[in-house]
Amino acid sequence: MVQSRSHRRHQDINVKVGDRFPLTIRRLGVNGQGIGYFKHKVCFVPGALPQEVVVVEVTAVHPRFLEAKIHRLRKPSRDRVVPRDDYANIAGGFELEKLAYPAQLRFKRQVVLDSLEKFQPYGYRAYNVRPTIAAPHEYGYRNKATFQIRMVDGHVAAGLYKAQSHDLVDMAECAVQMPATMKVIRTMVKLIEELAIPVYEEKHNSGIIKTLVVRESRATGELQLTLITNTAKLPHKHQLLDAIAEQLPEVVSVMQNVNPGDTPLVWGDQMIHLAGEEYITESLMGLDFKLSARSFLQLNPEQTETLYEEAAKALELTSDDQLVDAYAGIGTIGLSFANQVKRVWGMETIPEAVEDAKQNATLNGITNTHYEAGTAEEVLPRWQKEGRHFDALVVDPPRTGLDDQLIEQIIKERPTKFAYISCNMASLARNLRRLTSVYHVDYIQPIDMMPQTTRCEAVVKLSLRK
Ligand code: SAH
């Protein structure tokens, strides 16, 4: 049986680039591509939706799968909608814009189920995976724009790269962004062009302006603009700053970040304060947070409150709880819960973020929090050695999930209340394999933080197994 299946998988199906054939799309892959089967071989078709019948044209033949593009849509899905912007079909990151929103929410729940099926943590078939919580706004939610600046056809262009390439798509609009962030980007494009400030060019590592980062506070409407540059020198700086002050009065903070050379990292080490304040202030859960240009904040502030409220529900905190806020960022989660518990203990690897967390505690008059710089896997065992005991734990790791050492420590300490906030269902499902040796998965609550994208978030409530 196994043999015949692998035989079938490897048999030559005699298909070549340029071939066309009709294909029924069965489902969406994690990256939002349509998936169909051509003579038992997986065929990925970007832009095609489940239940659609498409005539595809093969674009690449691999030993185990095919890639193809839509040649003609024979039978469109009932969930197919017209994307708001034409960039949705070319720039990476908006793969679901053509899928009706209720279907996007079902897709995100399905990603959770597929990841569980793949990693099979203990008892996974019985997990209560709830329907995805919708975002209140499907567009205009994103508080930060990080747009590359390049010359395209002799003009300054600002946008994102085409999927899997370094070709810039000049984006005059971007419907998922908060409108004011786009106004700043487009005004800056005009000013950079008018003042003829040299724009970065990768091939010769020449030019100056590489990237614009604009972040907006939903609560105050304040905007912060950061110019990421190849050199500290910024020609026509004073004319530029005068024009920004005049044309973009809502920009209260202008920063420069120097990031020399052709590097995959967006940010360099050197920050220069150009004009206005160094911070903008955002409010979440009734607290104020000062944001410096580089500090992390969730990208959908409106839905962040829902995410945190779900974490609070999962934790069922009480006033004598000692709570650990692991992967704390600027402390938004722990500080939001501080008035419900005895004490909050947080750790985070980026020292500036830890400083922000401490300042934010002071700013809000919170005195029962303790934040330290360090990795969760190093700090938590140390705290245990120092004799501290924890009742509740919230983890919010990056896409890689929890470090194995941290998982071992959690299993050793067994906090009774445990909420896992995940932004990657694969690492979550993998981590649950180990965690379920002592924890029971009460439920998984998917939450849509990023409509139109394939990104999924979830809050998992875990309790000690009886
Ligand atoms: N809880 C915060 C931030 C979550 S993002 C919020 O809701 O805004 C994840 C954070 O984990 C980042 O700030 C990152 O710097 C930090 N981080 C990454 N690896 C870590 C580790 N091993 N230990 C502790 N923090 C880590």
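Above this text is the structure in question.
The model shown is predicted, which means the values in this text are computed figures rather than measured ones.

A. Region of interest: empty space enclosed by the protein. Per the counting criterion, the structure on display carries 1 cavity of 30 Å³ or more. For the largest cavity, the calculated volume is near 40 Å³. Surrounding the largest cavity, Val324, Leu380, Phe390, Ala392, Leu393, Ile410, Glu413 and Pro415 form its lining. When contributions to the lining of the largest cavity are tallied by element, the ones reaching two or more residues are strand E18 (392-395) and helix H9 (404-413). Looking at side-chain class alone, the lining of the largest cavity contains 7 nonpolar, no polar and 1 charged residues.

B. Main features of the site of the ligand. Near the ligand there are 17 residues, and of these Tyr308, Tyr327, Glu348, Ala376 and Asp396 occur at the shortest range. Note that an oxygen atom of the ligand is positioned 3.3 Å from one of the side-chain N or O atoms of glutamine 298. Between threonine 349 and the ligand, the recorded distance is 3.4 Å, taken from a side-chain N or O atom to a nitrogen atom. Surface burial for the ligand is 88%, taken as the share of its 580 Å² of free accessible area covered by protein chains. At the level of secondary structure, the elements contributing two or more residues to the shell around the ligand comprise helix H6 (332-337) and helix H8 (376-385). Taken together, the residues of the shell around the ligand break down into 8 nonpolar, 6 polar and 3 charged.

C. Up close: the packing of helix H3 (residues 179-194) against helix H4 (residues 237-247). Following both chains from N to C, one finds H3 and H4 inclined at 140 degrees, their axes separated by 11 Å at the closest point. Relative to H4, H3 is oriented oblique. Between H3 and H4 lies a crossing whose hand is right-handed. Contact residues: H3 offers Lys183, Thr187, Met188, Lys190 and Leu191, while H4 offers Leu240, Ala243, Ile244 and Gln247.

D. Main features of the nonpolar core. Membership of the largest hydrophobic core comes to 82 residues, with the highest contact counts inside it found for Leu225 and Ile244. The leading source of residues in this core is H3, at 8 residues. A domain split of this core shows at least three residues from each of domain 2 (106-136 + 296-464) and domain 3 (144-284). Apart from the residues within four sequence positions on either side, isoleucine 244 is in contact with Met188, Leu191, Leu225, Pro249, Val251 and Val254.

The rules behind each value
Residues numbered from 1 in each chain as written. Predicted model: local features only at pLDDT ≥ 70, side-chain atom pairs only at ≥ 80, totals over all residues. Heavy atoms only, no water. 1 Å grid on protein atoms, 1.4 Å probe; cavity = no way out; pocket = protein on both sides within 12 Å on 5 of 7 lines; lining within 4 Å. Points joined across faces, edges and corners; volume = space filled by probe spheres on them. Helix = DSSP H or I, 4+ residues; strand = E, 2+ residues; numbered from the N terminus. Nonpolar A, V, L, I, M, F, W, Y, C, P; charged D, E, K, R; others polar. Near = heavy atom within 4 Å. Polar contact = N/O pair within 3.5 Å; in protein donor to acceptor, adjacent residues only side chain to side chain. Areas by Shrake-Rupley, 256 points an atom, 1.4 Å probe, with all protein chains shown as cover. Axes fitted to C-alpha atoms, helices over the stretch in contact; angles between N-to-C directions. Parallel < 35°, antiparallel > 145°, perpendicular 65-115°, else oblique. Left-handed = near helix turned anticlockwise from the far one by under 90°. Contact = heavy atoms within 4.5 Å. Core = buried A, V, L, I, M, F, W, Y, C linked by side-chain atoms within 4.5 Å. Buried < 20%, exposed > 50% of the residue type's maximum accessible area, 1.4 Å probe, protein only. Domains from an automatic or database assignment.

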